[in-house]
Amino acid sequence: MGSIDSLYDKVKRYLLGFNRGKAYSSSMSGYMSGELQTLVFIMVLAAFFRLFTIPLGIVLVIGVVAAFLYFTPIIVAMERENSSDLNRVLFWVVIYFAVIMAITLWGL
Amino acid sequence: MTETVTNLWSIPLLLIIPILTAIVVNFLYGKVKAIRVVAILSSLALFAIAVISPYGYHWFTGQPAVLLNGGYTYSVQIFAWRLSLELYFGYMQQIMIAVMSLLLIFVVAISTKVMSKNMGTYIGLIFLIYMSSAAIIMVNDFYHLWIAVEIGSLLVAGLVAASGESISQKAALKYTFFSAISGAGLAIALALILGITGYPNVSDAIVSMHINNIQGMQGILYVAFGFLVLSWIYAGGLAPIHPLKSDVYGASFPHATVMLQTQSKLMLVAIGLIILRVFGTLPFAKEVMLGISVITMMVGVVMALLQTDFRWTLAYLIISHSGLVTVGISLGTISGIIGGMFQAINDVLYMSILLLCCEAIYYYGKGTSIKSVSGMAKKAPWLAFAAVVGAFAASGIPPFNGFQSEIILIQASLASGLPEVAVVILMVSVTTFIALFKSIYCIFLKADSTPETEQAQSRQGSIPVPKVLYLSLGVLIVLVVLIGVYPQLATDFLNDAAIKVVSMPWVP
């Protein structure tokens with residue numbers, strides 16, 4: 001049995017996913033714009049990988065769109081990850097540093 | 001080169017005057033008028049020195065220079081004797097320090113007017129922040145680089161904590177904690193470079209890497225690069241350390257944030273140029289810097305969209321626009337570097353306008369949240385005008401200065417074969433406009449719907465906006481328009497530094 005959700009239901013659920021509360025607030029427009037901006041930014045970032053090989057860029061852009069549709073709305077998760085808690089910042093710094101070292105040592 | 005080795009008189013003055021002022025105002029502590037006079041006179045003196053100073057070096061110790069053929073020379077000429085520990089004052093340093101000195105005058109004049117508690121210490125910290133920023137932009141050796149970054153980080157924490165709120169002290173504590181990691185990382189990076197090349201001087205280290213076969217040591221160089229990038233990220237507030245830096249910006253008084261963001265931009269330029277000079281030829285180094293810059297732009301501007309407090313919107317936009325500065329530098333081309341440095345100057349000017357507007361809104365007694373403040377255009381029309389001009393400049397709308405630097409950055413990205421970067425820069429501009437005008441609409445243009453009784457209460461809690469704040473806004477608006485119409489007023493100072501980085505990185 002497939003989903004019986006109509007497109008309307010999917011769009012409604014998507015919009016309500018931004019705020020668990022009233023469906024309007026002074027930050028609502030920000031969340032909506034932020035979601036769209038993030039999608040485009042991540043697609044552009046994925047396209048960057050064409051610098052290594054063009055097929056990689058194409059695959060990543062398609063992968064990003066698919067992942068985005070699955071995980072949306074991602075702005076809430078992004079806001080949560082943006083916390084200034086030291087443990088969270090340190091976690092991202094370690095990841096970051098590992099990526100930097102991996103990419104640069106790859107250049108050897 | 002026939003210039004002889006002489007110490008430039010202005011370089012020590014640019015560092016010693018702020019230190020002496022900090023000591024004196026600390027002793028004066030609660031004597032408000034005396035502190036105000038000393039601080040304003042000092043900042044005026046620093047501005048005058050930055051404007052009239054000739055160009056040159058100040059050196060602390062020297063050694064025979066390493067030549068590109070691997071030999072040494074003992075001729076007493078400026079590029080024959082390498083200035084081991086040295087500070088350099090050139091065109092780029094002049095305009096950056098002059099702009100910072102101008103902002104220092106405004107910040108000191110405003111803070112001595114509105115602060116009442118711990119004024120001596122507070123003003124002292126502002127002057128020390130100036131000193132650390134001036135040092136880092138003039139530095140050409142690794143020892144001074146490390147010291148300036150370390151001192152600068154601790155001073156940032158001090159200034160934020162001095163704002164007195166619990167949120168400020170929390171932000172300062174977190175920032176200080178991370179400074180231990182970043183400072184140690186920077187020290188490791190410098191030790192590795194010193195170990196490979198044997199020279200603490202940046203120019204000498206670059207020459208040494210050019211003339212010696214260091215193929216087998218590239219792994220060590222990459223580790224040094226990684227740690228140096230970590231300190232660059234930390235000092236400038238790039239992603240993923242941006243939440244700590246945005247806390248710092250958002251939790252301090254907006255006038256203090258003017259100095260904090262100026263320090264960050266100068267650090268980004270100074271450390272970025274050193275990374276580019278030393279590691280620019282390593283494969284993937286520029287790509288890593290570019291990636292960090294683009295992510296910072298993206299995360300900063302998206303988080304700015306989500307904020308409902310003008311202070312925090314500005315805090316995240318400062319982060320995002322730091323990415324604009326580093327994008328230009330990371331491109332590594334002459335036009336890219338000019339665009340990055342020009343963006344740094346423009347950014348501190350238009351963000352200062354917005355931060356001072358935010359400070360003025362704060363004086364009206366209802367905070368800076370878009371949920372609690374409205375109808376400000378009626379109460380303060382000139383403030384609304386200044387905020388709109390600042391927002392236009394930040395969004396890259398002509399004829400304001402932000403347009404000129406962003407167009408250079410976009411052209412540099414396209415010329416480097418990176419249209420994606422140009423797209424991201426355009427998106428940041430548009431999103432900056434949306435984020436700022438959301439706040440400006442709610443705070444200035446939306447009708448004040450609060451009951452009359454509450455309005456009367458808030459009027460009682462407000463303090464008068466000092467005239468010097470309006471004067472500062474006026475001067476900054478003139479500068480923003482002037483540089484927007486005549487960009488060569490700033491870019492003429494930046495060409496020399498950009499050409500040196502690309503064509504002869506061993507010359508500071």
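Small disclaimer: the values here were computed from a predicted structure and weren't measured.

### Some words on the overall build of chain A
Helix and strand content of chain A: five helices and zero strands. The N-to-C order of helical and strand elements in chain A reads α-α-α-α-α. Buried positions account for 31% of the 108 residues belonging to chain A. Counting contacts in chain A only where the partners sit at least 6 residues apart, residues at least 24 apart contribute 42% of the total. With the model as given, the accessible surface of chain A reaches about 6,900 Å², and the carbon-plus-sulfur share is 73%.

### Regarding the overall build of chain B
In terms of helices and strands, chain B carries 20 helices and three strands. Against the compact-globule benchmark of 23 Å for 508 residues, chain B has a radius of gyration of 22 Å, which places it among compact chains. Counting only C-alpha atoms, chain B reaches 80 × 55 × 40 Å along its principal axes. Each of the 508 residues in chain B was classed as buried or not, and the buried ones make up 64%. Across chain B, every contact between residues at least 6 apart in sequence was considered, and the portion connecting residues at least 24 apart equals 81%. For chain B, the exposed surface amounts to about 16,800 Å²; the carbon and sulfur share of it is 68%. Positive and negative side-chain charges in chain B, numbering 22 and 18 respectively, have mean positions lying 12 Å apart.

### Things to note about the packing of aromatic side chains
Evaluation of the coordinates by the stated rule reveals 14 aromatic pairs over all chains. Taking 5.4 Å as the distance between ring centres and 75° as the angle between the ring planes, the aromatic pair formed by Phe91(A) and Trp92(A) counts as edge-to-face. Looking at Trp92(A), the relative accessible area reads 32%, which means it is partly exposed. Every member of this aromatic cluster is reached through a ring pair, and the members are Phe392(B), Phe400(B), Phe433(B) and Phe437(B). The ring of Tyr362(B) carries the charged tip of Arg311(B) above its face, separated from the ring centre by 5.4 Å.

### Structural notes on the interface of chain A and chain B
At the junction of the two partners, chain A supplies 40 residues and chain B supplies 50 residues. Counting the surface lost from both chain A and chain B, the interface buries some 3,900 Å², and carbon and sulfur atoms represent 80% of this. Three residues stand out in chain A for area buried against chain B, namely Phe41(A), Asn82(A) and Tyr96(A), and they jointly supply 17% of the buried area on that side. Remark: the boundary between chain A and chain B carries one salt bridge. A salt bridge links Arg50(A) to Glu420(B); its shortest N-O distance comes to 2.4 Å. Inspection of the chain A/chain B interface yields eight residue pairs in polar contact (both at pLDDT 80 or more). Listing elements by their share of the side of chain A that touches chain B, those giving two or more residues are α2 (28-48), α4 (75-81) and α5 (86-106) of chain A.

### Considering the pattern of salt bridges
All names here are of chain B. Evaluation of the coordinates by the stated rule reveals five salt bridges over all chains. Between Lys 265 and Asp 347 there is a salt bridge whose closest N-O contact spans 2.4 Å. You can see Lys 265 sitting in helix α10 (residues 254-279) and its partner Asp 347 sitting in helix α13 (residues 334-363), a full 82 residues away along the chain. You can call Lys 265 buried: its relative accessible area is 0%. Note that Lys 379 is salt-bridged to Asp 448, the shortest N-O span being 3.7 Å. On the criterion of sequence distance, the pair formed by Lys 379 in helix α14 (residues 376-379) and Asp 448 in the loop between α17 (419-445) and α18 (452-461) is long-range, its members being 69 residues apart. Residue classification places Lys 379 among the partly exposed residues on the basis of a relative accessible area of 39%.

### With respect to the UniProt feature "domain: NADH:quinone oxidoreductase/Mrp antiporter transmembrane" (unreviewed entry) in chain B
Mapped onto the present numbering, the UniProt feature "domain: NADH:quinone oxidoreductase/Mrp antiporter transmembrane" (unreviewed entry) falls on residues 140-429 of chain B. Within the segment residues 140-429 of chain B, helix and strand shares are 81% and 0% respectively, and the terminal C-alpha atoms sit 34 Å apart.

### Comments concerning the packing of helix α15 (residues 381-394) of chain B against α17(B)
For any two helices packed against each other, the geometry comes down to the angle between their axes and how far apart the axes lie. All names here are of chain B. Relative to each other, α15 and α17 sit at 170°, their axes nearing to 9 Å. One element, α15, and the other, α17, form an angle in the roughly antiparallel class. On the side of α15, the interface is formed by Leu 383, Ala 384, Ala 387, Val 388, Ala 391, Phe 392 and Ala 394, while α17 contributes Thr 432, Phe 433, Leu 436, Phe 437, Ile 440 and Phe 444. Grouping the amino acids of the contact of α15 with α17 by side-chain chemistry returns 12 nonpolar, one polar and no charged.

### Overview of the nonpolar core
Residues and elements named next belong to chain B. Met 96, Leu 145, Val 269, Phe 279 and Met 341 are the most contacted members of the largest nonpolar core, which has 208 residues in total. When residues of this core are assigned to their parent elements, the largest contribution, 19 residues, is made by α13. Beyond its immediate sequence surroundings of up to four residues, Phe 279 is in contact with Ile 193, Leu 221, Ala 224, Phe 225, Leu 228 and Ala 285.

### Focus: the packing of α15(B) against helix α19 (residues 467-485) of chain B
Residues and elements named next belong to chain B. Across the interface, α15 lies against α19 with an axial gap of 11 Å and an inter-helix angle of 35°. In this structure, α15 crosses over α19, and the sense of that crossing is left-handed. Facing α15, whose interface residues are Trp 382, Leu 383, Phe 385, Ala 386, Val 389 and Ala 393, α19 presents Tyr 470, Leu 473, Ile 477 and Val 480. The class makeup of the residues in the contact of α15 with α19 is 10 nonpolar, no polar and no charged.

### Examining the side chain of Thr432(B)
Its location among the elements puts Thr432(B) in helix α17. Non-local contacts of Thr432(B), meaning those with residues more than four positions away in its chain, are made with Val301(B), Leu317(B), His321(B), Ala394(B) and Ser395(B).

### Examining unusual backbone geometry
Residues and elements named next belong to chain B. Of note, the amide linkage connecting Ala 239 to Pro 240 takes the cis form, showing an omega dihedral of 10°. Mapped onto the elements, Pro 240 comes out in the loop between α8 (218-236) and α9 (242-251). Looking along the chain, the bond that leaves Pro 398 and enters Pro 399 is cis, with omega of 10°. Relative to the elements of secondary structure, Pro 399 occurs in the loop between α15 and α16 (401-415). Of note, the phi angle at Tyr 29 is positive, near 40°, even though the residue is not glycine. Following the sequence through the fold, Tyr 29 ends up in the loop between α1 (10-28) and α2 (32-52). Non-glycine residue Phe 284 carries a positive phi angle of around 75°. Mapped onto the elements of the fold, Phe 284 is located in the loop between α10 and α11 (285-306).

### Regarding the UniProt feature "transmembrane region" (unreviewed entry) in chain A
With numbering aligned to this structure, UniProt lists the feature "transmembrane region" (unreviewed entry) at residues 30-52, 58-77 and 89-107 of chain A. Helix makes up 83% of residues 30-52 of chain A and strand 0%, and the two end C-alpha atoms of the span are 34 Å apart.

Reading the values: rules and limits
- The residue numbering used here restarts from 1 in each chain and proceeds along that chain's sequence as written.
- Chains and ligands are labelled by the order in which they are written, letters from A for the one and numbers from 1 for the other.
- In keeping with the model being predicted, local features are shown solely for residues with a pLDDT of at least 70 and side-chain atom pairs are shown and tallied solely at 80 or more, while totals for entire chains, interfaces and linings include all residues.
- With hydrogens and water excluded, all non-hydrogen atoms of the structure serve as input to the side-chain values.
- The way it works is that DSSP assigns letters per residue, a run of H or I at least four long becomes a helix, a run of E at least two long becomes a strand, and they are numbered from the N terminus.
- Only protein chains enter the accessibility calculation, which uses a 1.4 Å probe; a residue is then buried when its area is under 20% of its type maximum, exposed when over 50%, and partly exposed in between.
- Contacts are assigned to residue pairs with any non-hydrogen atoms lying within 4.5 Å of each other.
- Residue burial considers only the protein chains on display, and all accessible areas are found by Shrake-Rupley using a 1.4 Å probe.
- For a compact globule the rule gives 2.2 Å times the number of residues to the power 0.38, and the radius of gyration it is set against comes from C-alpha atoms.
- When charges are counted, Lys and Arg contribute as positive and Asp and Glu as negative, whereas His and the chain ends are disregarded.
- Note that the charge is assigned to NZ on lysines, CZ on arginines, CG on aspartates and CD on glutamates.
- Here the aromatic set is Phe, Tyr and Trp, taking the six-membered ring for Trp, and pairing holds for ring centres within 6.5 Å; pairs whose planes are under 30 degrees apart are stacked, those over 60 apart are edge-to-face, and all others are tilted.
- Geometrically, a charge over a ring is one whose NZ (Lys) or CZ (Arg) sits within 6 Å of the ring centre while staying within 35 degrees of the ring normal.
- Note on terms: buried area is the combined drop in 1.4 Å-probe accessible area of two parts once they are placed together, counting the loss on both.
- Salt bridge, as used here: a side-chain nitrogen of Lys or Arg that lies within 4 Å of a carboxyl oxygen of Asp or Glu.
- Nitrogen and oxygen atoms within 3.5 Å of one another constitute a polar contact, given that in protein one can donate a hydrogen and the other can accept it, and given that sequence-neighbouring residues count only through two side-chain atoms.
- UniProt positions are given in the numbering used here, feature names are shortened, and annotations may be inferred rather than shown by experiment.
- Whenever a helix is involved, its axis is fitted only over the stretch in contact; in every case the axis is a line through C-alpha atoms, and angles between N-to-C directions fall within 0 to 180 degrees.
- Working definition: roughly parallel below 35 degrees, roughly antiparallel above 145 degrees, roughly perpendicular at 65 to 115 degrees, and oblique for all remaining angles.
- Each residue is assigned to one of three groups, with Ala, Val, Leu, Ile, Met, Phe, Trp, Tyr, Cys and Pro labelled nonpolar, Asp, Glu, Lys and Arg labelled charged, and all others, Gly among them, labelled polar.
- To form a nonpolar core, buried Ala, Val, Leu, Ile, Met, Phe, Trp, Tyr and Cys residues must be joined to one another through side-chain atoms within 4.5 Å.
- Whether a crossing is left-handed or right-handed is set by the direction in which the near helix is turned from the far one by less than a right angle, anticlockwise for left-handed and clockwise for right-handed.

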